[in-house]
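# A structural walkthrough
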Amino acid sequence: MRRVLACLSVLSLTAAPVMAQDADQGRALFQTHCATCHGADAKGQGPLAGALVLQPVDLTALSARHDGTFPLERVLKRIDGTDPLVSHGSPMPVYGPYFEGVANTPMKLPSGQPVLVSEPIADLVGYLQSLQETN
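Below is a short write-up of the structure. (Residues numbered from 1 in each chain as written. Predicted model: local features only at pLDDT ≥ 70, side-chain atom pairs only at ≥ 80, totals over all residues. Heavy atoms only, no water.)

## Regarding the packing of aromatic side chains
- Per the counting criterion, the structure on display carries 1 aromatic pair.
- Where Phe 30 meets Tyr 127, the ring centres are 5.6 Å apart and the plane angle is 50°; that geometry is what we call tilted. A residue pair is termed long-range when its members are at least 10 positions apart, and Phe 30 in helix 2 (residues 23-33) and Tyr 127 in helix 6 (residues 119-130) qualify at 97 residues. Grouping residues by exposure puts Phe 30 and Tyr 127 together as buried. (Phe/Tyr/Trp six-rings, centres within 6.5 Å; stacked < 30°, edge-to-face > 60°. Helix = DSSP H or I, 4+ residues; strand = E, 2+ residues; numbered from the N terminus. Buried < 20%, exposed > 50% of the residue type's maximum accessible area, 1.4 Å probe, protein only.)

## Points about the pairing of strand 1 (residues 103-108)
- Pairing of strand 1 with strand 2 (residues 114-118) involves 5 bridges; the strand directions are antiparallel. Looking across to strand 2, one finds that Pro 106 is bridged to Leu 116.
- Connecting the antiparallel pair strand 1 and strand 2 is a turn made up of 5 residues, with Gly 112 showing a positive phi of about 95°. (Pairing = 2+ DSSP bridges.)

## Let's talk about the environment of Pro 110
- Relative to the assigned elements, Pro 110 resides in the loop between strand 1 and strand 2.
- By relative accessible area, which is 62% here, Pro 110 ends up exposed.
- A sequence separation of 38 residues divides Pro 110 from Leu 72, and the C-alpha atoms of the two residues are 7.6 Å apart.
- Leave out the neighbours within four places in its chain, and Pro 110 touches Thr 69, Phe 70 and Leu 72. (Contact = heavy atoms within 4.5 Å.)

## What about the environment of Phe 99?
- One can find Phe 99 in helix 5 (residues 96-100).
- For Phe 99, a relative accessible area of 1% corresponds to the buried category.
- Sequence separation of Phe 99 and Leu 124 is 25 residues, and the distance between their C-alpha atoms is 9.4 Å.

## A short note on the nonpolar core
- By size, the foremost hydrophobic cluster in this structure holds 22 residues, and its most contacted members are Phe 30, Leu 76, Ile 79 and Val 125.
- Of all the elements in the fold, those that place two or more residues in this core are helix 2, helix 4 (72-80) and helix 6.
- In this structure Val 125 touches Phe 70, Leu 72, Val 75, Leu 76, Ile 79 and Met 107, once residues within four positions along its chain are discounted. (Core = buried A, V, L, I, M, F, W, Y, C linked by side-chain atoms within 4.5 Å.)

## Digging into the packing of helix 4 against helix 6
- Remark: helix 4 packs on helix 6, axes separated minimally by 11 Å, with the N-to-C direction vectors making an angle of 130°. The pairing of helix 4 with helix 6 is recorded here as oblique in orientation. Of the two possible hands of crossing, helix 4 and helix 6 adopt the one that is right-handed. Between helix 4 and helix 6, the residues in contact are Leu 72, Val 75, Leu 76, Ile 79 and Asp 80 and Ile 121, Leu 124, Val 125, Leu 128 and Gln 129, respectively.
- When grouped by side-chain class, the residues that make up the contact of helix 4 with helix 6 number 8 nonpolar, 1 polar and 1 charged. (Axes fitted to C-alpha atoms, helices over the stretch in contact; angles between N-to-C directions. Parallel < 35°, antiparallel > 145°, perpendicular 65-115°, else oblique. Left-handed = near helix turned anticlockwise from the far one by under 90°. Nonpolar A, V, L, I, M, F, W, Y, C, P; charged D, E, K, R; others polar.)

## Things to note about the state of the cysteines
- Taken as a whole and assessed by the stated rule, the structure comprises 0 disulfides.
- Sulfur of Cys 34: no disulfide; nearest cysteine sulfur belongs to Cys 37 and is 8.8 Å away. (Disulfide = S-S within 2.5 Å.)

## Looking at the pattern of salt bridges
- Considering all chains together, one arrives at 3 salt bridges under this definition.
- Note that Glu 133 is salt-bridged to Lys 43, the shortest N-O span being 2.5 Å. You can see Glu 133 sitting in the segment after helix 6 and its partner Lys 43 sitting in the loop between helix 3 (35-38) and helix 4, a full 90 residues away along the chain.
- Accessibility expressed as a relative area gives 36% for Glu 133, which makes it partly exposed.
- Taking relative accessible area as the criterion, Lys 43 reaches 34% and is therefore assigned partly exposed. (Salt bridge = Lys/Arg side-chain N within 4 Å of Asp/Glu carboxyl O.)

Written out as structure tokens, the structure is:
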């Protein structure tokens with residue numbers, strides 16, 4: 001029994017910590033990396049929006065456009081570049097390398113499936129989730 005407890009103790013010390021999403025940090029990341037196109041209010045009317053072939057979407061209405069459910073998996077894939085947008089000419093965001101980081105922050109998809117993302121992506125997504133307008 002002592003041996004089992006000792007093993008559990010060692011495992012608990014080596015387990016990666018679960019980090020919470022920091023929406024305030026996400027807001028700062030959004031203003032730095034996303035607001036130029038999506039607008040400071042995330043409604044798609046940033047200063048560069050007019051120069052884009054495909055107009056940025058209203059990020060405050062993501063849940064509304066998906067029957068009240070935040071499309072977490074799609075948003076994660078857009079941000080990390082696994083579902084790139086042609087309008088960006090590169091993975092989104094164009095600051096992709098900054099968001100890569102170490103995938104050490106767990107998030108749970110609506111299906112219950114856990115995914116690991118970098119801390120900046122988790123923070124940015126936490127901020128986007130906080131912006132969702134309810135109808």
